[in-house]
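Descriptive analysis of the structure
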Amino acid sequence: MTHLNTSLLCAALSVALLLSLAMSLDAAAQTVASSDAKESHPATQHPVQRLNMPKDFEQFGVYWTEEPGWHTDLQLRNNLAAQELVVAPALRSVDGTESKLAPVTIQPGDVVTVPLHEAVMKAPPELASPYGSVVLRYRAPVGGALQSTAMIHLDGRPIAFHVDAYGQPEGLVAGSREGIWWLPRETATDYLVLTDTGDKPLDANLILRDSSGRSARQKLTLAARQTTRLSVRSLLAKSHLGGFYGGITVEVAKGAAYLDTLHVIFDEVAGSSAVMKMFDQDPRVTIQERAWGGLKDWTIRAPMLALTHPDPALGFPRDTTLQPQVFVRNTTPQPQTAQLHFNWRSATSSGRTRGISLSLKPYQTQLVDVAALQTQKLLPPEAQWASVFIGIPGVQPDQILAVATSYDKTGRYGAQTPFSDQLSAHWEGDKWQVDDTHNSIITVGNGGSKPARAKLTLLYNHGQDRYEIEQLLASEEQMWIDVGQLARTQTPDKKGHVLPPGDASGAYRLEEVRNTGIGNLFEGKLTVDKTYGEAVYGCMTCCNPGLGYMLFNPLGVPVSGDAFQGVWGIDACTGNQVDMTGWYSTWGTGNTAIATATMNHIHGVAAGSTNNHAWGAISWGTGQEQRHCPIRDDTPSGGTDVQPTVTISGPTNIPMLKAGAQGSDSITVTATGNPTGGTYSWTAVSGGSNITILNATSQNAILQSVAVGTYTVEVTYTVNNQNGTATTVGRVQQPGSLGVISNATPTFNCGNTGLPAYNTADRLIQYQVLDTSGSPIPAAGMDASETTLNVISNTCNVAGPNPTINSPTLSDGYFQGPDSLQLCSAQCLPAGQNGVPLGSCTMKVAQTWGVNGYSVKSDTLTYTCPGPPTGAP
Amino acid sequence: MTRLCSLLLAATFLSCAWAIGQGQARPQPPPQPPPPQYGQPPADLANALVQMARASHVPIIAELVWPLPKIPTAEGKPLNPGTLNELVKQAPGYEWKMEGKAIHFYNKKLRNARFNFLNLKFPRFTIPPDLSDLKLWLPGRAEGLLEGYTGEGGATSGFGDTLLGKQKLQRVTLENVTPLEVLVHVANESPTFYTVLVFPSAAPTKDEAEKRVVWQWGSLNEKLQPVYTQPPLRQMTVDRGAGVRPFSRRVANIYPARNVAVVNIGRVTTGGAPLLALFEKWAATESDTATVRVLRRGGPH
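Residues numbered from 1 in each chain as written. Chains lettered and ligands numbered in written order. Predicted model: local features only at pLDDT ≥ 70, side-chain atom pairs only at ≥ 80, totals over all residues. Heavy atoms only, no water.

**Here we look at the pairing of strand S59 (residues 763-771) of chain A**
Residue and element names in this part refer to chain A. In terms of residue burial, S59 counts as a mostly covered element, since eight of its nine residues are buried. Examined bridge by bridge, strand S56 (residues 735-744) and S59 share eight bridges and lie antiparallel to one another. Note on S59: the bridge partner recorded for serine 742 is glutamine 766. Of the strand pairs in this sheet, S59 and strand S62 (residues 819-824) are connected by three bridges, and their pairing is antiparallel. Within S62, the position partnered with arginine 763 by the bridge is leucine 821. (Buried < 20%, exposed > 50% of the residue type's maximum accessible area, 1.4 Å probe, protein only. Helix = DSSP H or I, 4+ residues; strand = E, 2+ residues; numbered from the N terminus. Pairing = 2+ DSSP bridges.)

**A word on the pattern of salt bridges**
Once the charged atoms of two side chains with opposite charge are near each other, the side chains can pair. All names here are of chain A. Inspection of the entire model under this criterion finds 37 salt bridges over all chains. Between arginine 229 and glutamate 67 there is a salt bridge whose closest N-O contact spans 2.7 Å. Of this pair, arginine 229 sits in strand S14 (residues 227-230) while glutamate 67 sits in the loop between strand S1 (55-65) and strand S2 (70-78), and the two are 162 residues apart along the sequence. Taking the relative accessible area as the measure of exposure, arginine 229 reaches 23% and is therefore partly exposed. The class for glutamate 67 is buried, based on a relative accessible area of 13%. When the shortest N-O distance is used, the salt bridge between glutamate 178 and arginine 329 registers 2.9 Å. (Salt bridge = Lys/Arg side-chain N within 4 Å of Asp/Glu carboxyl O.)

**Here we look at the interface of chain A and chain B**
Between chain A and chain B, the contact holds 51 residues from the first and 47 residues from the second. Summing both partners gives a buried area of about 3,700 Å² for chain A against chain B, and 49% of it is carried by carbon and sulfur. If you sort the residues of chain A by the area they bury against chain B, Gln662(A), Asn802(A) and Ile805(A) come out on top, with a joint share of 16%. Our count for the contact surface shared by chain A and chain B stands at zero salt bridges. Taken together, the connections running from chain A to chain B amount to 16 residue pairs in polar contact (both at pLDDT 80 or more). Broken down by secondary-structure element, the contributors of at least two residues to the side of chain A that touches chain B are strand S60 (783-794), strand S61 (807-808), S62 and strand S63 (842-851) of chain A. At nine residues, the largest contribution of residues to the side of chain A that touches chain B is made by S60(A). In the side of chain A that touches chain B, the residues fall into 21 nonpolar, 26 polar and four charged. The pairing of S62(A) with strand S5 (residues 154-156) of chain B spans three bridges and is classified as antiparallel. (Contact = heavy atoms within 4.5 Å. Buried area = accessible area lost by both parts, 1.4 Å probe. Polar contact = N/O pair within 3.5 Å; in protein donor to acceptor, adjacent residues only side chain to side chain. Nonpolar A, V, L, I, M, F, W, Y, C, P; charged D, E, K, R; others polar.)

**Structural notes on the packing of aromatic side chains**
For the structure on display, the rule yields 25 aromatic pairs over all chains. Centroid distance Phe748(A) to Trp137(B): 5.7 Å. Interplanar angle 20 degrees. Geometry classified as stacked. Remark: Trp137(B) occurs in helix H5 (residues 131-144) and Phe748(A) occurs in strand S57 (residues 747-749); the pair is interchain, linking two chains. Trp137(B) carries the same exposure label as Phe748(A), and that label is buried. Judged by centre distance (5.6 Å) and plane angle (15 degrees), the rings of Trp215(B) and Trp217(B) are stacked. Members of the aromatic cluster, connected to one another through ring pairs, are Tyr63(A), Trp70(A), Tyr131(A), Phe161(A), Tyr191(A) and Phe266(A). The ring of Trp620(A) carries the charged tip of Arg632(A) above its face, separated from the ring centre by 4.4 Å. Directly above the ring of Phe115(B) sits Arg114(B), whose terminal nitrogen or CZ lies 5.9 Å from the centroid. (Phe/Tyr/Trp six-rings, centres within 6.5 Å; stacked < 30°, edge-to-face > 60°. Lys NZ or Arg CZ within 6 Å of the ring centre and 35° of its normal.)

The structure is reproduced here in structure tokens:
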């Protein structure tokens, strides 16, 4: 009777996001991609980072034994997604004396088995007894990094049971361990093991009850770290209680968190064993903390009860007939009515029974004979499996408990399925195993009221490879996975992976895809040992983040703008970052005059600071560490800085101006802030040596060229102590040449100049200023002048051209118009047919264009009568 | 002896003139304002006139002298007698008058300067088809008058103006008119433009008038644009004459000896002629040709 997963608490966690968000912290700091958020924006701070600091943790296994014939193996699973885990086991003898074993290193996602027999042989001889408890110490970012189980078996017999290790539940002071005892045959031996995992003595009351609720009580004192192994059969004999089943209560008024218990029975003659799972009962816990799946009543489930005619996959002899039964115990002093129903499954069909009402007197324990229900055809006789659902209105958690067993008449063959109330969106499992003598059967069900998509991942090859099965499950629907069959038939998963055909084992993981709140899935697993015909159940542990933290703190929001806040946490098992944003249903801000919230969508109203906060009921923690994943209110909050916005407009290319020359060597950039009324401050964030900023505290700044190169200028706009910033990137360029945009040669009638008409061809060249690298300088106001315009020779008897002086360029760096080269001279007359000049003359002119004092183009222009002028462009 | 005296006389004259040009007889050039920052309209007389003309849509012909009087921005200010008189108060040495629909605003001394080519005469001037062509052709022809080019035609380099090109003009031929009269004629026919000439001094040398006059044009229909009018630096080399003038380039760094006063110094003998020719070349470029003509007894004045 392990503590198993009864106490594993809920995790309402988005499974899909869990994997996708297993990213590095740095990467996560950049964006949010929450389920509700539709935008991303850069983070100013990442509060999750501090949660990842490694800490020391301990887990305690209530029992180990290396008595003659008995052996114990520790199964240690590293739940961490991305880092190895070093576990230091230590064995405690019954008196608490501790003996440290060699540390064990486990790769991420892997399971390591540590045979205690070998370890004990190597250990120092401090052990005072061949049994006791075990403590596992490790350092990890999260407490649920380790999932540990002690597998206890009797050599050569089909007798085995497993004991899960847990941390010490925080805050549990007064409470009890509750269970059901069962002594099916006179030859059966039982152990009731009690361990004080703490460093202080514990005082406890042990109360045994028969099936009707009559009780016998005795006081117990456990020394620090002590383990006591009792026999219920012996205690019953002393207490004059009768029957073959009843209730066990171990009450602790102070220090209940340090008490762990185990009740197992085994029959060496029959070759059978059973674990009678015990439960924590914490009087502080209310049904609201355990209302996973939207359920209102206390509901417990056992997912895989083997029925009278067992599934051949269990490997029992063909004619094996089981006697499935369910013990239900009322721990309260009031009568209660439980409602039972079964979801059954045969080789070819499945269905659900009608409800069965079960009246429980105060403290009474009842046995439900499921085999009889099959005989009565309440359950189909051919049904091989059933999930048992028990709902009890009006009670608090763990006040009604149940244990299911299914063994043949001799007790030789059979299986168990543990009851649990836990639903979760994320589970981590211990070990599946498939080889010549072992097989694992896993079931996953939807315990919620709405459909849920389940993804089961089988890890193998030391956690490096994965086999994934995904299925949409209706309410209470289950999927069944015969892992051995998948391996034998080499059935590919959705990604084409197949399980190794030979011996294989590994851990496994269950996730609810796209879950954004409290989860809905439950699970069960049986590992069949064909050697002895024994089926041992295994457990998964629920995994959830602890508290949620605001992703952005403070969150920067522009005035009249929006930003999305996110909530992140660290998964208590894998250490992965988990987006919890969708788990929070109510959002708000501290001052709606500054910012408002619509869910996680924060809107900036006015410049200033306030907070933003969220409320949600979340699944909390890990079952491995706390035994539960309870539902708790969480109210993360963070700062909100509503910042003014500012934009920059204006040109970006700044021309150089030669010393002493005239022209523009600056540009004016304009910042526009929202809201108005703030102050401006301009600074160069790069390329500061290339420019000078003038009017650096005004709305319009002048950027003046100093040296060729790029620059980045930032303006900070401040309103109510809140800053908004914007940057502009540009280049400082030195005029170096002229680019030719167009070069036309239209006909011109020289009659327009007063001469007798004749035609000549002009040349119109549109220039654009280029820099010394040949790139355009799109800047207005560069001074374009003809710095040289010398007539070299002239036979035309007209004056040379008049120079252009002080002509500013346009904003695209173009000259104000095409350079118009034309000649009209009386020397070209007379005009012939079609206005062709019959005379001739030539004028040669040296032309140099300068821009901002830099010579950019020199040509020798040749004007002739017919034109067009040559020598340029 | 006579030849020797003549040679010495000319040499002495040249050296004196050069020395004067270096700073004795010649006054120091006025302090130059820093080059304007392009982008913002300079707060000067040229821009004030253009701003007012633009505001009132009244054509203006301005003959200004560098450096320009500082005038605060006149953007939006109307152009009328009152504002013009106020402007004249801030710009000593300037006057204005109405020329039909146009305003003629000028520096009084420049108006009468010998090498103000706006005063020289075209025997004939045919008005081109539009204002853009006028902008292209008139400056070359007007300044060509300094070299004695009086005929029609010419050569151009530079920019037309799209807006001015939309303003069509009547093709008429004016006779015996000055460039100023041409401008006044056109401004009255098409009162849609401004033109501003900025001379480097109120009494420019011929060379200055040829090379260093900034002549800006614009449409009154365009968006108000700053006008940049600072005359170019001396190193600018513009020769609009008939041929290469290497001497001109060699002496390009000599400040113009525009105030050299040379009176009758006697007859130049035949032997002094080469030196005088050299001097003539310098004087023609940098000084008042009239002084040379005094030397050339009997030469045209």
